[in-house]
Each structure stands twice: as C-alpha cells, then as structure tokens.
Amino acid sequence: MATSSSPLLLGFNIDHIINIRQARFTPYPDVLETIQAVEAAGADAITLHLREDRRHIQDADVYLVREHCKTRMNLEMAATEEMTRIASEILPDDVCVVPEKREELTTEGGLDVIGQFDRIQKTTLVLNNKNIRVSLFIEPNIEHIRRVPDIGAPVIELHTGSYANLEGAAQQRELERIEQAAAFADDLGIQVNAGHGLDNKNTYAIAAIPQMKELNIGHYLVARAVFVGIEQAVQEMKQVMAEARE
C-alpha cells in the first residue's frame, strides 16, 4: 500500500499555452520555448493533447515535443486508429487515452471502459507492444476500475472535474469517492494519477491521497502564470503538493 510520503509528480499540460497561439495562428507562444520554460520551472512531465479536430496542439508540435522533451512526454489522445498510428510513430513515454467529443470545450468526464472495452483494449495492446505506458482517463468508479487490468493498462488517471466543480458537503462526498477509487486501484496494482480542474485551493486534498502518484494540471497553471510567470506558478503548485504529503 502506498504511503503519503511517496513522491508526487506534476505533469504540466501545455494545451492552453498553445491555445493562445492558435487564437491568431501566430508563431508564438513557441512550443520549444514553452517546454523549456516548463521543464526549467520544475515540472516532471510535459502533457499535451492531440485532438482529432486539432484545435490547439498540432501534429508538428507533438514531434517537436518528442524530440526536445527532457523529462517525460505524456500524450493525451482518443482511442482511434489515426491517433494510435501517430503515437506508435512518435513513441511518447506515456499515452493517456481520453474520451473526446467535438462539441466540448475541453475533455469532460472519463472513458466508458465498459461500453468501449474492445476499442480501448485494442488501442492499449498496440501501444503496449510499442513499450508505451498506457493510462486510462476514467471516473472514480469501482466497476470501471475493475475492468482496467483486463484492458491491459497499468495506469489510470482519475477525473477530478466533478470534484473541482463542487463545494461543501457535495465536494467532500466526491473526494471520498476518489479516495475509495484510488485505494481500490492501488490494491489491483494499478498506478493512480489524477487531473482536471485542479487549482491551488482544491489540489491539497487530492495530493494528500496516499495512492496518488502524479497530477496533471494545465489551465490553472497557465492562468496563474499570466500574473507570476511559469516558474512561480509551478513552484507554488509543487509546494501545495509537497505540503499535502507531509
């Protein structure tokens, strides 16, 4: 069983930095400068989502990150033949398989690992054969987590969006649901990560969950960096995470 003293890593999702570039199709913010700044600030991984509609990250960005990333590259993608082919060519360290809808503003909710079992398993098998570590972005749902070993993914990323959007007793209930899901997954030998909607106020309780290994955060860090810079934004978040593990 994991303990709260185990290291907790921070993956910096750069999608929202690249959103600024795509708003006017300018050459800036530059992807190379972005990953260099994020890694220099102390992030443990670069996370980026190559969406089917290419609304922010572009194919060339993914290749550039693979070439220059010095920490760890975590590619978020849908379980499609196109994305599986791209990941197999690029060989990121990690792939996080996520649900994807064209009309959504950002990834909302977790994978339906029961209803989409065959498709997700097929993608996972291909990536496993390429020695790419696969994570499934799922809800803190015991029945879904129970199927993860059958799919073959060694990692899950628990969706914290519902938790982040709630307050008071409702948020506490969702936190307890996440805690129970993390403990259940850990007992199955699955690594537990989390992400979505986390900020400097709600991260502490998630970071304090002893089974948690990595948090992937993007929007808040980019918003905070507008005022204090990337380095301080990352350092502030890592401080919150460290204090939660004490």
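As a reminder, the structure under discussion sits directly above these lines.
Just so we're clear, the structure is a prediction, and the values are computed from it rather than from any experiment.

What counts as what
Residues numbered from 1 in each chain as written. Predicted model: local features only at pLDDT ≥ 70, side-chain atom pairs only at ≥ 80, totals over all residues. Heavy atoms only, no water. 1 Å grid on protein atoms, 1.4 Å probe; cavity = no way out; pocket = protein on both sides within 12 Å on 5 of 7 lines; lining within 4 Å. Points joined across faces, edges and corners; volume = space filled by probe spheres on them. Helix = DSSP H or I, 4+ residues; strand = E, 2+ residues; numbered from the N terminus. Nonpolar A, V, L, I, M, F, W, Y, C, P; charged D, E, K, R; others polar. Buried < 20%, exposed > 50% of the residue type's maximum accessible area, 1.4 Å probe, protein only. Pairing = 2+ DSSP bridges. Axes fitted to C-alpha atoms, helices over the stretch in contact; angles between N-to-C directions. Contact = heavy atoms within 4.5 Å.

(A) Region of interest: empty space enclosed by the protein. Counted by the stated rule, this structure contains one cavity of 30 Å³ or more. Approximately 60 Å³ is the volume attributed to the largest cavity. Secondary-structure elements contributing two or more residues to the lining of the largest cavity are β4 (94–97), β5 (133–138), β6 (155–159) and β8 (212–217). Looking at the lining of the largest cavity residue by residue, the class counts come to two nonpolar, four polar and five charged.

(B) The pairing of β6, seen in detail. Taken across its five residues, β6 has five buried, putting it largely inside the fold. Every second residue of β6 is oriented toward a common face, with V155, E157 and H159 on one face and I156 and L158 on the other, all of them buried. The pairing of β5 with β6 spans four bridges and is parallel. By the bridge assignment, L136 is partnered in β6 with I156. Across five bridges, β6 lies against strand β7 (residues 191–195) in parallel orientation. Counted as the bridge partner of H159 is G195 from β7.

(C) Spatial organisation of the sheet that holds β7. Strands sit in the order β1-β2-β3-β4-β5-β6-β7-β8 around a closed barrel of eight strands; the barrel is parallel. Between one strand axis and the next, the sheet turns by 25° as a mean value, whatever way the strands run. Across the face of the sheet, helix α1 (residues 15–24) comes into contact with β1 (9–13), β2 (45–49) and β3 (73–77) while running at roughly 50° to β2. Each of β6 and β7 touches helix α8 (residues 168–187); the most contacted strand, β6, lies at about 175° to it.

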